[in-house]
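Examining the three-dimensional arrangement
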Amino acid sequence: MELYICDRCYYLILHCIRLLSITSISFNFSSMALNKVTLINDLDVLLESYKLKVKIIRLWKQTVRGNPKETYAIEMILMDEQGNKIQAKVWKQCVPKFENLLEENGDFYIEKPQLASNDSPYKYADNRYKLTFNWVTKVTKCTDFNGPDSNFAFATFPSILADEPKKDCTIDVIGEVLQCFELEYHMINGIRTKKQNVEVKDLDNLKIYVTLWGVFVDQMQAYLKDNAEKRPCVIILQFGKLKWHRGRAYVSNSYYSVSRLLINDQTKEIIEYKKKLLSKAANDSSSSQRSTSSSIVYSLHNEFVHKFPFSSIANIQGFKKEQSAIILGTIKGIRKDAGWYYHACNKCTRKVEKMVVINDTPDDSTEVEEKEVFKCTNPICKDETTTVTPRFRIQVRVQDCTGIVSLTLFDREVKRITQKNVKDLLEHQLGDVNVFPDELNDVIGKKLAFKISITDFNLENHCTIYGVTKLTDDQKVIEELHKHFPIQQSLEIDSSNVETSDFQSQETVTMKDDGSSTDDNTTPVSANTNASNEPGRVISKHVDLKRNLEDVYDVDAPVGMSSTKPRTTRIGDGEGHGSKKLLIPKIEK
């Protein structure tokens, strides 16, 4: 049977066949485009459809403020098979679609994500772009990911010390722990937060500092509790922030739990690093001794009780070389006439001086332009700026059972014992800098252990005002330091008092280092009108009077207070209660 088709139908059929062919070809091209994997470094704003093959090396959730159970966004760091990284984000409206699918260390194909600009001040991946997932984004499991074994990108210590890493990117560091410093507490957004600095060295003995905050401090403390004597101790801090403070490099953990801290973990990187340490130690006897026999941690107790020499206040001037020393005493007063804060350089925290710079105007007029600037007095820094930071510097009088001394407390120490900062106190006083804040009087009466710095300036100029580099009110430390005093003196350590007015009238001597070297390790210099040159001499008039009386009279010590005389029955014990003990004059021969 033959089928006849008119010309019109024939051409219509041919047209439909052509359309089907074109659609099929287009579909095939589209499928080919999606099947082809795009590398992270090849991402471009001109690409409309692409497919990524990645591993999620870090995943964390941001919660709604005030409702920690509600997820605001899911953040991720992705790595492709070439080891390149990019940050990705799932916004709140799409969280239900992806939160049960995405997992850290999982391998995935990701199709049709959106390419956005990464304008974050700290980028967790060195990439100008970031990905966002929306309703058309497709995520499927990948079973053939063949990327790098390690997702770390360690910055070398030489590059860190040369300040080479990008300012807006996080870095990874690995090194051997040398020492852990004392715990500190800071108010962050109204929350009291732990902080601890850790000194770390690399294989070439170059050193940097790692700053741990919050839960990372807890992690370090938990490890040290049971492993303080295990050496070597190697740590990795991933996604850390590099900052500089007073010429030292600090790498700290970042916010939102992005950073990862590994301590002597069984990861391949730490195991290989330890092998290199042992290999280096085998060829270097001094290094071997350092890595296998020396303590890696100076605890607060060790630093105040064992590491540095203890001195009574009367014997401080017995030191003949520049060094640190530990003293124990009670703050009895504040030198209010010595001021309570200073304007500090934002770079090195040294004191700045106000200057007026006169510039000629651009035109030919006789007028000049005056500009007020602050110049750092640090000869190395010499920074000039129009903004400065107010920092604490107060001079206190500290007393023990042997004497009294002037100490200078700087910003960190004052903040630690008062939980105040200069800015808040100035605002509270409405900018009246001449009024001494009552809040600082809270330090009076506190018994503390002080680590003081005895400098060449103290020794050469017989200056008896010392800067405090660290202090603590830890009761175990204080009890241990008390053992340095004889029993009788320990009982009398708080028996005398010194009012602020007793030393308000001391003259302040202007020394050349007072203006040029004021920072957290330098103390302004004042004339010492009360300090005695006699070792062990107690400055209190009350104690001197007691000693003079004892030269004239034979006085029995109160019951239970004498370690050399037998216990006697005092007049007034039992019968005749209320009578007083008579003083028996000595008879001169």
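Here we summarise the structure given alongside this text. As the structure is a prediction and not an experimental result, all values here were calculated from the model. (Residues numbered from 1 in each chain as written. Predicted model: local features only at pLDDT ≥ 70, side-chain atom pairs only at ≥ 80, totals over all residues. Heavy atoms only, no water.)

Considerations on the side chain of Arg 416
Positionally, Arg 416 belongs in helix α8 (residues 411-418). Engagement of the side chain of Arg 416 in a polar contact is seen with the backbone oxygen of Leu 471, the distance being 3.4 Å. With residues up to four places along the chain from it excluded, the contact list for Arg 416 reads Glu 182, Glu 184, Lys 470 and Leu 471. (Helix = DSSP H or I, 4+ residues; strand = E, 2+ residues; numbered from the N terminus. Polar contact = N/O pair within 3.5 Å; in protein donor to acceptor, adjacent residues only side chain to side chain. Contact = heavy atoms within 4.5 Å.)

Here we look at the sheet that holds strand β1 (residues 51-64)
On the basis of which strands lie adjacent, the open sheet formed by seven strands has the order β5-β6-β3-β2-β1-β4-β7 and mixed pairing. Edge positions in the sheet fall to β5 (114-117) and β7 (138-141), since each has one partner strand and no second. When the angles between neighbouring strand axes are averaged without regard to direction, this sheet yields 40°. Of the pairings in the sheet, the one linking β1 to strand β4 (residues 107-111) comprises five bridges and is antiparallel in character. Opposite Lys 55, over in β4, you have Asp 107 as the bridge partner. (Pairing = 2+ DSSP bridges. Axes fitted to C-alpha atoms, helices over the stretch in contact; angles between N-to-C directions.)

What to know about the packing of aromatic side chains
If you walk through the whole model with that rule in mind, you get nine aromatic pairs. Ring centres of Phe 181 and Tyr 209 lie 6.1 Å apart, and the angle between their planes is 40°; on these two criteria the pair is classed as tilted. With Phe 181 in the loop between β8 (171-180) and β9 (184-188) and Tyr 209 in strand β11 (residues 207-213), this residue pair connects regions lying 28 residues apart in the sequence. For the ring pair Trp 340 and Phe 392, a centre distance of 6.2 Å and an interplane angle of 45° mean the geometry is tilted. (Phe/Tyr/Trp six-rings, centres within 6.5 Å; stacked < 30°, edge-to-face > 60°.)

As for the packing of helix α7 (residues 300-307) against helix α11 (residues 475-482)
Contact geometry for α7 and α11: axes closest at 10 Å, N-to-C directions at 10°. As judged from the angle between their axes, α7 and α11 are roughly parallel. Read as a crossing pair, α7 and α11 show a hand that is right-handed. Across the interface between the two elements, Leu 300, His 301, Phe 304 and Val 305 of α7 pack against Val 477, Glu 480 and Leu 481 of α11. Of the residues that constitute the contact of α7 with α11, the class distribution is five nonpolar, one polar and one charged. (Parallel < 35°, antiparallel > 145°, perpendicular 65-115°, else oblique. Left-handed = near helix turned anticlockwise from the far one by under 90°. Nonpolar A, V, L, I, M, F, W, Y, C, P; charged D, E, K, R; others polar.)

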